[in-house]
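The chain contents come next:
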Amino acid sequence: MIVTSAEWAIVMLSLRVSFVAVLVSLPIAYALAWLLARRRFPGMIVLDALVHLPLVLPPVVTGWLLLIAFGRGGEIGAWLYENFGITLVFNWTGAALAAAVMALPLMVRAMRLSIEAVDRRLVGAARTLGASSWKAFLTVTLPLSIPGIAAGAMLGFARSLGEFGATITFAANIAGETRTLPLAIYTGLQTPGGEDAVTRLAIISIILSLGALVLSEWLVRRAQGGRAHVL
Amino acid sequence: MIVTSAEWAIVMLSLRVSFVAVLVSLPIAYALAWLLARRRFPGMIVLDALVHLPLVLPPVVTGWLLLIAFGRGGEIGAWLYENFGITLVFNWTGAALAAAVMALPLMVRAMRLSIEAVDRRLVGAARTLGASSWKAFLTVTLPLSIPGIAAGAMLGFARSLGEFGATITFAANIAGETRTLPLAIYTGLQTPGGEDAVTRLAIISIILSLGALVLSEWLVRRAQGGRAHVL
Amino acid sequence: MSFEVEITVQPGEREISGRISSDARLTALVGASGIGKTSVLNAIAGLLRPISGSISVAGRVLFDAERGIDIPPEKRHAGYAFQDARLFPHRRVAANLDYAEKLAKGRKPIIARAEVVRLLDIDGLLVRWPDTLSGGEVRRVAIARALLSAPDFLLLDEPLAALDPERAERLSTLIERLRDRLEIPMMLVSHSERDVARLASKTVRMG
Amino acid sequence: MSFEVEITVQPGEREISGRISSDARLTALVGASGIGKTSVLNAIAGLLRPISGSISVAGRVLFDAERGIDIPPEKRHAGYAFQDARLFPHRRVAANLDYAEKLAKGRKPIIARAEVVRLLDIDGLLVRWPDTLSGGEVRRVAIARALLSAPDFLLLDEPLAALDPERAERLSTLIERLRDRLEIPMMLVSHSERDVARLASKTVRMG
Amino acid sequence: TGPVVFAPASMQDAMTAIVVRWEAQGNSRPVLNIAGTPALARQLVEGAPADIVITADAQWMDWLEQRDVLQAQTRADLVSNSLVLVASTREAQQLTLDDPDARIALGDPESVPAGRYARTVLVRSGEWAEIAPRIVPTENVRAALALVERGEVEFAFVYGSDLREGKTDAVIISTWPASPDLPITYPIARTAISSHPDAKRFSDFLRSPEAAAILVAYGFSDPVNGPSS
Ligand SMILES: Nc1ncnc2c1ncn2[C@@H]1O[C@H](COP(=O)(O)OP(=O)(O)OP(=O)(O)O)[C@@H](O)[C@H]1O
Ligand SMILES: Nc1ncnc2c1ncn2[C@@H]1O[C@H](COP(=O)(O)OP(=O)(O)OP(=O)(O)O)[C@@H](O)[C@H]1O
Ligand code: MOO
Ligand SMILES: [Mg+2]
Ligand SMILES: [Mg+2]
């Protein structure tokens, strides 16, 4: 299969959007996961529900809510525009924002599971060895939750690659700017005789996701080094 | 807020669809998670990618693929119809199938993470005490991966509640049959002046997801009993 | 013969060979830390597959590389008190004991539950979760669980190590009693020469 | 005073009171399994907050409920060899030792790394992952890590329990040497009367 | 770049062709945003920087007008479309709409204009009440066409422009051209915030005979055949 340069541009855009989405949301997701795993605080369940919201609402609604908040007419959008001249709607950063929001719940859940599985006694050991609680977090909890970080990043990346509803609503469908793979597929589906293009783009999606998967499995295995598992 | 009987019917339908979707896919997801966590076999990466596919493809495409496979003209669909008189397209079981397929990758990932965290030496201990490998699985690996099962079920349920693209493509938007909450919300968004209905339904979605969340957290805590965590 | 073991195991990169031929009722296995004692017990219990050799206990062949025999662990009926305890963290202490008892149903117990609980002094711990137990408490529960599995033979990996003198004395007495009263072969790993001298009629030194 | 401890801790449901007042260089803490020895060490190290009382070591107040003093664990500079080892599973043995050394940088070491490695005989283990170590190997690495943290005082929870006689002897000699050469208070939990008699100049019995 | 144009998904190909022609005449290329009409309308109301908007039906353009996001006096009908009833090749030619086994796919009448038009036609012919339970409402017209092509339903209502390549497997049963009581029109307007110097020129070009020829080639009809505005 030969990929045309137009398709190639779509792929690169999709990768950039997904990559930025994951990169930006990763630390936020991890911080949320840590809070939910390790702290008990009032409003915890509300935060938890809020994080899950993009999962349970139809993507189009999430996109609409983003539009209301981050559009130029929205509170945050107007503020961003006035103070920094930043516009998120209708360009690729908006697509990345939409993807990040949709990916967040998946990332948080996977990471939280891994953080909860870290043996707290190891944190205690690090403390007696002279590590502040922050340092103990960095050297014990964080590295031991790498499987969850990897799984979360993988899920988030895949979800970002597949994101459609929130993106088309919030960031629009502009070729070269916000037309990611799913939007291109949608455009193809809307066009009489567009089935061939749809098939090609779907195959590209599949190959990309497979690549991301292999990469993430490989990274995890490398991070865990030769650590054996014994019966 | 007073919920009208039409809205109530939509809620009940959504709950039924999501519940059945999770119930049916849970054992499949767990089996897949176990295979991916504990076995090394050729084609493993292909299986892994296949499981993740619904995540990375635009939901509409997944719905379309489901139609090709499970429609009356599709291989599986025709077989099901001829041998059992079962039709999945255009009725609520189809919506449940679409939701289940979309939820599967999330469930598998969460469960896999938990299974990988189970100390294999405990399985060995169970074996010396007389447990067959199946029994050891049932009494050790399975209960110790409950956090992952719960997280997976929760993610899957939330994802099912929010599933839109695959459902509308595969099961269509039939009131009382396949018009779940997201489809109803979408219908509202597509209608000039439908904002009020959208807001009401979105609030109902949020309340439902919050309820599911609280319930799952409570179930996990109950299953783990008073097990303390020590520093 | 109680234990007839001649195996090469490879838990890591290094090959370890062990040869035990004993018809003593209680055989002690001694040797430096890291020499391979636990690996040998694991092989006898069926948790570590030797790369060659054969294992038989009380005349029953459990493993034979050449003849292709490899009885699965659950059919070997070992009563194995692990060095690292391996209590089930999701079951309370009582449920850990139940686990062994239930799977042993239909087989001949070697000791009554009440007696184990009394002698190991774990009565007060039955309702507790394993991760709330002290070091010595964990070991005592692990030994109790092994004894309640109606084993055909016992593998005790440093059972006395974490116990205070009074409890260690009680457990030694119990081991002596089991040794003298029952026909089941026992293998004991210990670093204490005194304990070995007192309990074992045959000592195998590894390394 | 080396150790001046008078606390009530509550690791579970039961309250445990401990009172230690010792100016011996090496204080032994003995008592039945489950009596609360590890809990007292945890309190001294700052991992378990007493519900009342005070702790001072070598004249430094580490905890005082009434005065509201509670030095965080990392500022107490305990060299704590845990009963359950607690090696970091994601770091090789060498990296476990590095961890202690790096955080101790700028503080006065009590022993050189080469010497610890030689005396505890862990040279061959440095490249290994903790979960591939044998029971005794794990304990030796844990002790090495504690010694390398440039501690102001040492807490040793049954350091000799899992070691073969030869290695136990070597470690005892090392402990004696540290005791006689250095000014740092040491507390030793042990069930062995012989070890206690040999190493400790003061014995505190709990329970 | 050229002006920003919001256009409905059903016009994707035609609009692309027009844009290419326009660019070939030495103009800078307009930016196309292609989505369902409701998404376009809502984006516009939230301050999206568009110059020209085309909607797939008059209702949404009315909605935009009420919200003061359009430039006065710039609204016009761009093209019209026709409504077509198609049948699947396999069995359907023997069936009729009123057969109790026949399923009819159409864009959801509540949210998709084409579905609304289909309902209008069926209500007028008195068949609606009887057919309604056998309706399969879809997200858009293309999905309805896909269902009939795959034989999942026997009939579907689609737009004439959806069938222009003639390579569909579906068989045309009947056609309803746009008319005053079936106003299948695509209105166009310039937005209030439009500031692009080319906006007026390009929207004039869209309504030129040259563009009309392209639109007709893609299955649309001249708006003069429909209701005049
Ligand atoms: N999974 C593994 N990978 C690499 N090496 C291993 C693994 N498991 C065990 N070993 C090594 O095999 C050797 C034998 O271990 P084993 O646990 O049998 O020793 P042991 O005699 O029981 O020692 P101890 O008295 O300290 O418990 C040790 O050197 C140990 O480090
Ligand atoms: N998290 C907990 N929850 C409930 N009880 C606990 C918890 N942690 C410790 N205990 C109990 O507190 C008591 C003291 O435990 P500790 O570990 O201090 O005993 P120890 O003297 O060190 O015993 P050993 O010699 O067996 O190690 C024990 O009875 C133990 O079961
Ligand atoms: O062209 Mo539309 O708005 O998808 O019916
Ligand atoms: Mg051992
Ligand atoms: Mg203790």
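Position numbers for residues start from 1 in each chain and track the written sequence from start to end. Note on labels: chains are lettered from A, ligands numbered from 1, in written order. It should be noted that, the model being predicted, local features are given only for residues of pLDDT at least 70 and side-chain atom pairs only at 80 or more, the latter also being counted only at that level, while totals for whole chains, interfaces and linings use all residues. Side-chain descriptors were evaluated using all non-hydrogen atoms of the structure, hydrogens and water having been removed beforehand.

- Chain C is annotated in an unreviewed UniProt entry as ATP-binding cassette domain-containing protein of Aurantiacibacter sediminis.

- Chain A goes by Molybdenum transport system permease in an unreviewed UniProt entry, where it is assigned to Aurantiacibacter sediminis.
- Under the UniProt heading Function (unreviewed entry), the note attached to chain A is "Part of the binding-protein-dependent transport system for molybdenum; probably responsible for the translocation of the substrate across the membrane."
- UniProt positions are given in the numbering used here, feature names are shortened, and annotations may be inferred rather than shown by experiment. What the UniProt record of chain A gives under Sequence similarities (unreviewed entry) is the line "Belongs to the binding-protein-dependent transport system permease family. CysTW subfamily."

Things to note about the overall build of chain C
Line of reasoning, step 1. The number of helices and strands found in chain C is seven helices and ten strands.
Line of reasoning, step 2. By the compact-globule yardstick of 17 Å for 207 residues, chain C fits well, its C-alpha radius of gyration being 16 Å.
Line of reasoning, step 3. Buried residues are those whose accessible area, probed at 1.4 Å on protein chains only, stays under 20% of the maximum for their type, while exposed residues exceed 50% and partly exposed ones sit between those limits. The proportion of buried residues among the 207 residues of chain C is 59%.
Line of reasoning, step 4. Any two residues having at least one pair of non-hydrogen atoms within 4.5 Å are treated as being in contact. Contacts spanning at least 24 positions in sequence make up 69% of the contacts within chain C whose residues lie at least 6 apart. Counting from the N terminus, the helices are DSSP H or I runs at least four residues long and the strands are E runs at least two residues long. Between the two quantities, the radius of gyration covers C-alpha atoms and the globule rule is 2.2 Å times the number of residues to the power 0.38.

Description of the UniProt feature "domain: ABC transporter" (unreviewed entry) in chain C
Line of reasoning, step 1. Here the UniProt-annotated "domain: ABC transporter" (unreviewed entry) positions come out as residues 2-207 of chain C.
Line of reasoning, step 2. Spanning residues 2-207 of chain C, this segment combines 33% helix with 24% strand, and its end C-alpha atoms are found 21 Å apart.

Describing the layout of surface pockets
Line of reasoning, step 1. Cavities and pockets are found on a 1 Å grid laid over the protein atoms alone: a cavity is a set of points where a 1.4 Å probe fits but cannot escape, a pocket is an open set with protein on both sides within 12 Å along at least five of seven lines, and a lining residue has an atom within 4 Å of such a point. Grid points are joined across faces, edges and corners, and a volume is the space filled by probe spheres set on the points. Taken as a whole, the second largest pocket holds about 1,100 Å³ of empty space.
Line of reasoning, step 2. Every residue lining the second largest pocket is counted, 34 residues in all, and those nearest its centre are Ser 192, Arg 194 and Asp 195 of chain C together with Ser 192 and Arg 194 of chain D.
Line of reasoning, step 3. Broken down by secondary-structure element, the contributors of at least two residues to the lining of the second largest pocket are α6 (165-181) and α7 (193-199) of chain C together with α6 (165-181) and α7 (193-199) of chain D.
Line of reasoning, step 4. For the lining of the second largest pocket, a count of residues per class yields 13 nonpolar, eight polar and 13 charged. Residues are grouped as follows: nonpolar covers Ala, Val, Leu, Ile, Met, Phe, Trp, Tyr, Cys and Pro; charged covers Asp, Glu, Lys and Arg; every other residue, Gly included, is treated as polar.

Things to note about empty space enclosed by the protein
Line of reasoning, step 1. A full pass over the atoms with the stated rule returns eleven cavities of 30 Å³ or more.
Line of reasoning, step 2. Of the voids in this model, the largest cavity is the one considered here, and its volume is about 410 Å³.
Line of reasoning, step 3. Considered class by class, the residues forming the lining of the largest cavity number 18 nonpolar, nine polar and three charged.

A short note on the packing of aromatic side chains
Line of reasoning, step 1. Classification of ring pairs uses Phe, Tyr and Trp, with its six-membered ring standing for Trp, and accepts pairs whose centres are within 6.5 Å; under 30 degrees between planes counts as stacked, over 60 as edge-to-face, and the remaining range as tilted. Across all of its chains, the model carries 24 aromatic pairs over all chains by this definition.
Line of reasoning, step 2. Between Trp 134 of chain B and Phe 137 of chain B, the aromatic rings sit 5.4 Å apart at their centres with planes inclined by 20 degrees, giving stacked as the arrangement. One end of the pair, Trp 134 of chain B, and the other, Phe 137 of chain B, are both in helix α7 (residues 133-144), three residues apart, so they sit about a helical turn from each other.
Line of reasoning, step 3. A relative accessible area of 57% means that Trp 134 of chain B is categorised as exposed.
Line of reasoning, step 4. A residue is classified by how much of its surface remains accessible, and Phe 137 of chain B, at 14% relative accessible area, is buried.
Line of reasoning, step 5. Criterion for a charge above a ring: Arg CZ or Lys NZ at most 6 Å from the ring centre, at most 35 degrees from the ring normal. For Arg 16 of chain B, the ring lying beneath its charged end belongs to Trp 92 of chain B, and the centroid distance is 4.6 Å.
Line of reasoning, step 6. The ring of Phe 88 of chain C has Arg 145 of chain C lying over it, and the distance from NZ or CZ to the ring centre is 4.7 Å.

Considering a nonpolar patch on the surface
Residue and element names in this part refer to chain A.
Line of reasoning, step 1. A contiguous nonpolar patch, built from Phe 19, Leu 23, Val 24 and Ile 28 and spanning about 410 Å² of accessible area, is present on the exposed surface.
Line of reasoning, step 2. Tracing the backbone through its elements, the reader meets Val 24 in helix α1 (residues 5-38).
Line of reasoning, step 3. You can call Val 24 partly exposed: its relative accessible area is 49%. Only residues whose relative accessible area exceeds 30% and that take part in no salt bridge are eligible for patches, with like-charged residues grouped when within 9 Å of each other and nonpolar side chains (Val, Leu, Ile, Met, Phe, Trp, Tyr) grouped when within 5 Å. Note on areas: these come from Shrake-Rupley sampling with a 1.4 Å probe, and a residue is covered only by the protein chains present in the view. Any Lys or Arg side-chain nitrogen located within 4 Å of an Asp or Glu carboxyl oxygen qualifies as a salt bridge.

Notes on the interface of chain B and chain A
Line of reasoning, step 1. Each partner contributes to the interface: chain B provides 54 residues, whereas chain A provides 52 residues.
Line of reasoning, step 2. Summed over both sides, the interface of chain B with chain A buries roughly 4,600 Å², with 79% coming from carbon and sulfur.
Line of reasoning, step 3. Accessible area that two parts lose when put together, with a 1.4 Å probe and added across both, is what the buried area reports. By the criterion of area lost to chain A, the three top residues of chain B are Val 56, Arg 109 and Leu 113 of chain B, representing 13% of everything that side buries.
Line of reasoning, step 4. Linking chain B with chain A are zero salt bridges, by the criterion used here.
Line of reasoning, step 5. Any N or O atom pair separated by 3.5 Å or less is treated as a polar contact, with the protein-specific requirement of one donor-capable and one acceptor-capable atom, and with residues adjacent in sequence counted only for side-chain atom pairs. At the junction of chain B with chain A, the criterion picks out zero residue pairs in polar contact (both at pLDDT 80 or more).
Line of reasoning, step 6. Put simply, the parts of the chain that give the side of chain B that touches chain A at least two residues each are α2 (44-56), α3 (59-70), α5 (92-116), α6 (120-128), α8 (146-162), α10 (181-189) and α11 (195-223) of chain B.
Line of reasoning, step 7. Broken down by element, the residue count for the side of chain B that touches chain A peaks at eleven residues, all from α11 of chain B.
Line of reasoning, step 8. Considered class by class, the residues forming the side of chain B that touches chain A number 36 nonpolar, eight polar and ten charged.

Considering the coordination of the magnesium ion (ligand 4)
Ideal values for angles at a metal depend on the geometry: 109.5 degrees with four tetrahedral donors, 90 or 180 degrees with six octahedral donors.
Residue and element names in this part refer to chain C.
Line of reasoning, step 1. Only Thr 38 (OG1) and Gln 83 (OE1) from the protein reach the magnesium ion (ligand 4) as donors, at distances of 1.9 to 2.1 Å. Here the residue Thr 38 occupies a position in helix α1 (residues 37-45), and Gln 83 occupies one in the loop between β7 (78-81) and α3 (93-103), the gap between them amounting to 45 residues.
Line of reasoning, step 2. Under the relative-accessibility criterion, Thr 38 is labelled partly exposed at 23%. Each metal's donors comprise the N, O and S atoms found within 2.8 Å of it (within 3.2 Å for Na, K or Ca). Water is not part of the atom list, so some coordination spheres may appear incomplete.

Focus on the site of ligand 1
Line of reasoning, step 1. Summary of the distance rule: residues count as near a molecule or strand when at least one heavy atom falls within 4 Å of that molecule or strand. In the vicinity of ligand 1, 23 residues are found, and the nearest of them are Thr 38 of chain C together with Arg 128, Ser 134, Gly 136 and Glu 137 of chain D.
Line of reasoning, step 2. At ligand 1, the nearby residues belong to more than one chain, namely chains A, C and D.
Line of reasoning, step 3. Within the side chain of Ser 39 of chain C, one N or O atom sits 2.6 Å away from an oxygen atom of ligand 1.
Line of reasoning, step 4. Separating a nitrogen atom of ligand 1 from a backbone N or O atom of Thr 132 of chain D is a distance of 3.1 Å.
Line of reasoning, step 5. Taking 630 Å² as the accessible area of ligand 1 by itself, protein coverage stands at 90%.
Line of reasoning, step 6. Of all the elements in the fold, those that place two or more residues in the shell around ligand 1 are α1 of chain C together with α5 (135-147) of chain D.
Line of reasoning, step 7. For the shell around ligand 1, a count of residues per class yields six nonpolar, twelve polar and five charged.

Examining the site of ligand 3
Residues and elements named next belong to chain E.
Line of reasoning, step 1. The local shell around ligand 3 consists of Pro 8, Ala 9, Ser 10, Gly 36, Thr 37 and Ala 56.
Line of reasoning, step 2. Measuring from an oxygen atom of ligand 3, one finds a side-chain N or O atom of Thr 37 at 2.7 Å.
Line of reasoning, step 3. Here ligand 3 occupies the largest cavity.
Line of reasoning, step 4. Broken down by class, the residue content of the shell around ligand 3 amounts to three nonpolar, three polar and no charged. Each molecule is assigned to a cavity or pocket provided more than half of its atoms lie within 2 Å of the corresponding grid points.

Examining the coordination of the magnesium ion (ligand 5)
Line of reasoning, step 1. The magnesium ion (ligand 5) binds to the protein through Thr 38 of chain D (OG1) and Gln 83 of chain D (OE1); the donor distances cover 1.9 to 2.1 Å.
Line of reasoning, step 2. When its relative accessible area of 18% is taken as the criterion, Gln 83 of chain D is described as buried.

Overview of the relation of the copies chain B and chain A
Line of reasoning, step 1. Superposition of the copies was done by least squares, using only C-alpha atoms of residues whose pLDDT is at least 70 in both. With an RMSD of 0.2 Å, the operation that places chain B on chain A is a rotation of 180 degrees combined with a shift of 0.2 Å along the axis. Taken together, the rotation and translation describe the operation of a two-fold axis. Measuring from the rotation axis to each C-alpha of chain B, the shortest distance belongs to Ala 110 of chain B, at 3.0 Å.
Line of reasoning, step 2. Both copies contact each other with a shared surface, as 96% of the interface residues of chain B are interface residues in chain A too.

Quick notes on the sheet that holds strand β2 (residues 31-35) of chain E
All names here are of chain E.
Line of reasoning, step 1. Reading across the sheet, the five strands line up as β2-β1-β3-β10-β4 and stay open at both edges, with mixed pairing between neighbours. Each end of this open sheet is capped by a strand with a single partner; those strands are β2 and β4 (76-80). Here the strands of the sheet are splayed against their neighbours by 20 degrees on average, with no regard to which way each runs.
Line of reasoning, step 2. Sheet analysis places strand β1 (residues 4-8) next to β2, joined by five bridges and oriented parallel. Bridging across to β2, Phe 6 finds its partner in Asn 33.
Line of reasoning, step 3. Throughout, an axis means a line fitted to C-alpha atoms (over the contacting stretch in the case of helices), and angles, computed between N-to-C directions, take values from 0 to 180 degrees. Its contacts with the sheet put helix α2 (residues 37-45) on β1, β2 and β3 (52-54), and the angle it makes with β1 is roughly 145 degrees.
Line of reasoning, step 4. Contacting β3 and β10 (185-190), helix α3 (residues 58-66) crosses the sheet at an angle of about 25 degrees to β10. In short, DSSP must find at least two bridges between two strands for them to pair.

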